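Coordinate analysis (summary)
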Amino acid sequence: MPLKIVGDARPNSFEFETEALIKASGFREYDARWWFGHAGSTQPPDLNLIGVQALGMGLGTLIRRLGAGPDIVTGHDFRSYSLAIKLALVSGLMAAGAKVKDIGLALSPMAYFAQFALDAASVAMVTASHNDNGWTGVKMGAARPLTFGPEEMSALKQIVLSSDFDLAGGGCYDFVAGFRETYLDDLTQDKRIARKIRVVAACGNGTAGAFAPQALERIGCEVIPLDVELDHSFPRYNPNPEDMQMLHAIRDKVLETGADVGLGFDGDGDRCGVVDNEGNEIFADKVGVMLARDISSQHPGSTFVVDVKSTGLFNTDSVLRGNGAKTDYWKTGHSYIKRRVAELGAVAGFEKSGHFFFNPPIGRGYDDGLITAIAICEMLDRNPRNSMADLYRALPLTFGTPTMSPHCADDVKYGVVDRVVADFQAMQRAGKTFAGQKIADLITVNGVRVVAEDGTWGLVRASSNKPELVVVVESPTSSDRRRQMFEAVDAVLRRSPEVGAYNQTF
């Protein structure tokens, strides 16, 4: 009799202990995220451990059908429930014949590295990344260094929700002891900086606290730790370097200690946020421009991939143009950018969220916040006469916003974005002005990026991993134009009553 998959089950009931609860909405564009709950939470869960076991059966079935073979790496982030979820996932994988190589507590990039180091085609990393406590999820792949995209996620969803499992048996489990040291050794091999750099390493009490300070010390940095103690209650703030609360905390520590740079890492260590020595919180897309300048000076003619939330400077910066650099704007999402970097043979890819991807000779194509941190330190080392603030000031001035996310339920958010895209297309066809100017361009590869005649732009897209929309605005001319564009974009959004309050504005 096939396992019974349900989309709703009440905790503390017979059904919850005997049926696989796994809501369909948790299968997202390029990874999986569910509300699992935690002690004291009242929100009903989207997932139980039997549901996680079913997910493992489905994933084990899928990697075989994809021809990836049975070998798979697993790891888990530092949350109170992540180990239990991973072990439930492992039991399902083994039932489907998977040969599991478990690296234990890990960063997501450590799991990606393990695919290479342990010669396993597939990966299943249990993490909710930067999501609030109570969330869980799995980042998956079956062709290193890539992670699943919509096609694989749709196939996995169909297998799991229909109980279409190939339970071949014959699976096995191998715990890989001491892999943290193997990862740190690989990260820091032949990486030594001559310049004495004082670095605030901020980890938000997340998993990176067990990795980032040690990696930076090994390359020669003086590390000033900030919230590096592992504490899965996240007592100060969520470990998310795109969140202004975390960035403000890094800024305060940098100014207090006179550090050369502040580096912040998210809950699973695949993203890095930056604060300069004067306390300026540098959005990750601007950090990407700085790194692209540095990389293209060493590798002229480099190709870069950036997401649609990123600054327009990648196309207009005179230094990048002088170095012959070319930039491709692509869909937001770590799987999308990772895949595009591989397709184009780009030297690097940058996301405004802080996911940076480096191909050889810098990295192996996946996103790793520690590789990004090391690249930033090496950039400073190559510019001994300049501070981080000097390098930031050298960029053309633009007026950008943080990533702003109004609430919008998962089951309606894509429909809302479709209506917004249609509204902008109708305005453009009619030759109407928007935010005081004609629409010069509409980029619709991922939601819609509306560009005015002076280069001011606003983006609306659906979040791929939370019940939210994503709004970003930038102006190359003034903060007033930035405000004007934001208010105009927001007015279009407010035509849809399903759009709620923002998590933050500017």
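For the structure itself, look to the data block above.
The text that follows walks through the structure, step by step, so that each part is easy to find. Everything numeric in this text was worked out from a predicted model, so none of it was measured.

Comments concerning the overall build of the protein
Of the regular secondary structure elements, the protein holds 16 helices and 23 strands. Over its C-alpha trace the protein gives a radius of gyration of 22 Å, about what one expects of a compact globule, namely 23 Å for 506 residues. A principal-axis box enclosing the C-alpha atoms of the protein has dimensions of 65 × 60 × 40 Å. Counting contacts in the protein only where the partners sit at least 6 residues apart, residues at least 24 apart contribute 69% of the total. Taken as a whole, the protein presents about 18,400 Å² of accessible surface, with 50% of it coming from carbon and sulfur.

Focus on the packing of aromatic side chains
Both the distance between ring centres and the angle between the ring planes are used here to describe each pair of aromatic rings. Throughout the structure, instances matching the rule amount to 16 aromatic pairs. Here Phe36 and Tyr81 contribute two aromatic rings whose centre-to-centre distance is 5.5 Å and whose plane-to-plane angle is 45°, an arrangement assigned as tilted. Of this pair, Phe36 sits in the loop between β3 (32–35) and α2 (49–65) while Tyr81 sits in the loop between β4 (71–76) and α3 (82–95), placing them 45 residues apart in sequence. Residue class for Phe36 comes out buried when judged on its relative accessible area of 19%. Between the aromatic rings of Phe424 and Phe434, the centroid separation amounts to 4.9 Å while the plane-to-plane angle is 85°, which identifies the pairing as edge-to-face. Here Phe424, found in helix α15 (residues 413–430), pairs with Phe434, found in strand β19 (residues 433–434); they are 10 residues apart in sequence, far enough to count as distant. Side by side, Phe424 and Phe434 carry an identical accessibility label, which is buried. In this structure an aromatic cluster arises from ring pairing among Phe304, Phe314, Phe350, Phe356 and Phe358. Positioned above the aromatic ring of Tyr336 is the side chain of Lys331, whose terminal nitrogen or guanidinium carbon lies 5.2 Å from the ring centre. Here the guanidinium or amino end of Arg364 rests over the ring plane of Phe116, the centre of that ring lying 5.8 Å away.

Focus: the packing of helix α9 (residues 284–298) against helix α13 (residues 369–381)
Between α9 and α13, the shortest axis-to-axis distance is 10 Å and the interhelical angle comes to 55°. In terms of orientation, α9 and α13 fall into the oblique class. For α9 against α13, the interelement crossing comes out left-handed. Residue-level contacts link Val287, Met290, Leu291 and Asp294 of α9 to Ala375, Ile376 and Met379 of α13. Among the residues forming the contact of α9 with α13, the class breakdown is six nonpolar, no polar and one charged.

What to know about the environment of Gly97
For Gly97, the location among the structural elements is in the loop between α3 and β5 (99–105). In this structure, the C-alpha to C-alpha distance between Gly97 and Gln425, residues 328 residues apart in sequence, is 50 Å. Residues in contact with Gly97, not counting those within four places in the same chain, are Arg64, Pro70, Gly169, Gly170 and Gly171.

What about unusual backbone geometry?
Residue Pro145 is reached from Arg144 by a cis peptide bond, and omega for that bond is 5°. One can find Pro145 in the loop between β7 (135–141) and α5 (150–161). For the bond running from Pro360 to Pro361, omega is 10°, close enough to zero to count as cis. Of note, Pro361 is situated in the loop between β17 (356–358) and α13.

Structural notes on the environment of Gly92
Within the secondary structure layout, Gly92 lies in helix α3. Along the backbone, Gly92 and Arg393 are 301 residues apart, and their C-alpha atoms lie at a distance of 52 Å. Leaving out residues up to four positions away in the same chain, Gly92 has contacts with Gln53, Gly56 and Met57.

Thoughts on the pattern of salt bridges
Within the structure shown, the criterion is met by 38 salt bridges. One salt bridge connects Arg65 with Asp164, and the closest N-O pair in it is separated by 3.1 Å. Residue Arg65 is found in helix α2, and its partner Asp164 is found in the loop between α5 and β8 (172–175); the two are separated by 99 residues along the sequence. Because the salt bridges share partners, they merge into one network encompassing Arg180, Glu181, Asp185 and Arg218.

Thoughts on helix α16 (residues 479–493)
The terminal C-alpha atoms of α16, which comprises 15 residues, lie 21 Å apart, in line with the 21 Å expected from a rise of 1.5 Å per residue. Residues of α16 that are buried: Arg481, Arg482, Met485, Phe486, Ala488, Val489, Asp490, Val492 and Leu493.

Concerning the nonpolar core
Note on soluble globular proteins: their nonpolar side chains tend to be buried together. In this structure, Ile103, Leu263 and Phe350 are the most contacted members of the largest nonpolar core, which totals 71 residues. In terms of residues, this core owes the most to one element, α13, which gives nine residues. One finds Leu55, Ile72, Val126 and Met140 within the second-largest nonpolar core, a separate group that totals 37 residues.

What about the sheet that holds strand β20 (residues 437–443)?
Taken in spatial order, the six strands make up an open sheet running β18-β23-β22-β21-β20-β19, and their pairing is antiparallel. The open sheet has two edge strands with one neighbour each: β18 (399–400) and β19. With four bridges joining them, β20 and strand β21 (residues 448–452) adopt antiparallel strand pairing. Of the residues in β21, the one forming a bridge with Leu442 is Val450. Where α15 meets the sheet, it contacts β19, β20, β21, β22 (457–462) and β23 (469–475), and its direction lies at approximately 130° from that of β20.

Focus on α5
In this model, α5 (12 residues) spans 16 Å end to end at C-alpha, consistent with the 16 Å of a helix rising 1.5 Å per residue. Buried within α5 are the following residues: Glu152, Met153, Leu156, Ile159 and Val160. Projected down its long axis, α5 shows its buried positions confined to an angular sector of 125°, all on one face.

Notes on the packing of α2 against α3
Closest axis-to-axis distance for the α2/α3 pair is 7 Å, and the angle between their directions is 40°. One finds that α2 runs oblique with respect to α3. α2 and α3 meet at a crossing whose hand is right-handed. Residues Leu49, Val52, Gln53, Leu55, Gly56, Met57, Leu59 and Gly60 of α2 form the contact with α3, whose own contacting residues are Ala84, Ile85, Ala88, Leu89, Ser91, Gly92, Leu93 and Ala95. Per-class residue counts for the contact of α2 with α3 are 11 nonpolar, five polar and no charged.

Reading guide: rules and limits
- Residues numbered from 1 in each chain as written.
- Predicted model: local features only at pLDDT ≥ 70, side-chain atom pairs only at ≥ 80, totals over all residues.
- Heavy atoms only, no water.
- Helix = DSSP H or I, 4+ residues; strand = E, 2+ residues; numbered from the N terminus.
- Rg over C-alpha atoms; globule rule 2.2 N^0.38 Å.
- Contact = heavy atoms within 4.5 Å.
- Areas by Shrake-Rupley, 256 points an atom, 1.4 Å probe, with all protein chains shown as cover.
- Phe/Tyr/Trp six-rings, centres within 6.5 Å; stacked < 30°, edge-to-face > 60°.
- Buried < 20%, exposed > 50% of the residue type's maximum accessible area, 1.4 Å probe, protein only.
- Lys NZ or Arg CZ within 6 Å of the ring centre and 35° of its normal.
- Axes fitted to C-alpha atoms, helices over the stretch in contact; angles between N-to-C directions.
- Parallel < 35°, antiparallel > 145°, perpendicular 65-115°, else oblique.
- Left-handed = near helix turned anticlockwise from the far one by under 90°.
- Nonpolar A, V, L, I, M, F, W, Y, C, P; charged D, E, K, R; others polar.
- Salt bridge = Lys/Arg side-chain N within 4 Å of Asp/Glu carboxyl O.
- Expected span 1.5 Å × (residues − 1).
- Core = buried A, V, L, I, M, F, W, Y, C linked by side-chain atoms within 4.5 Å.
- Pairing = 2+ DSSP bridges.
- Arc of directions from axis to C-beta.

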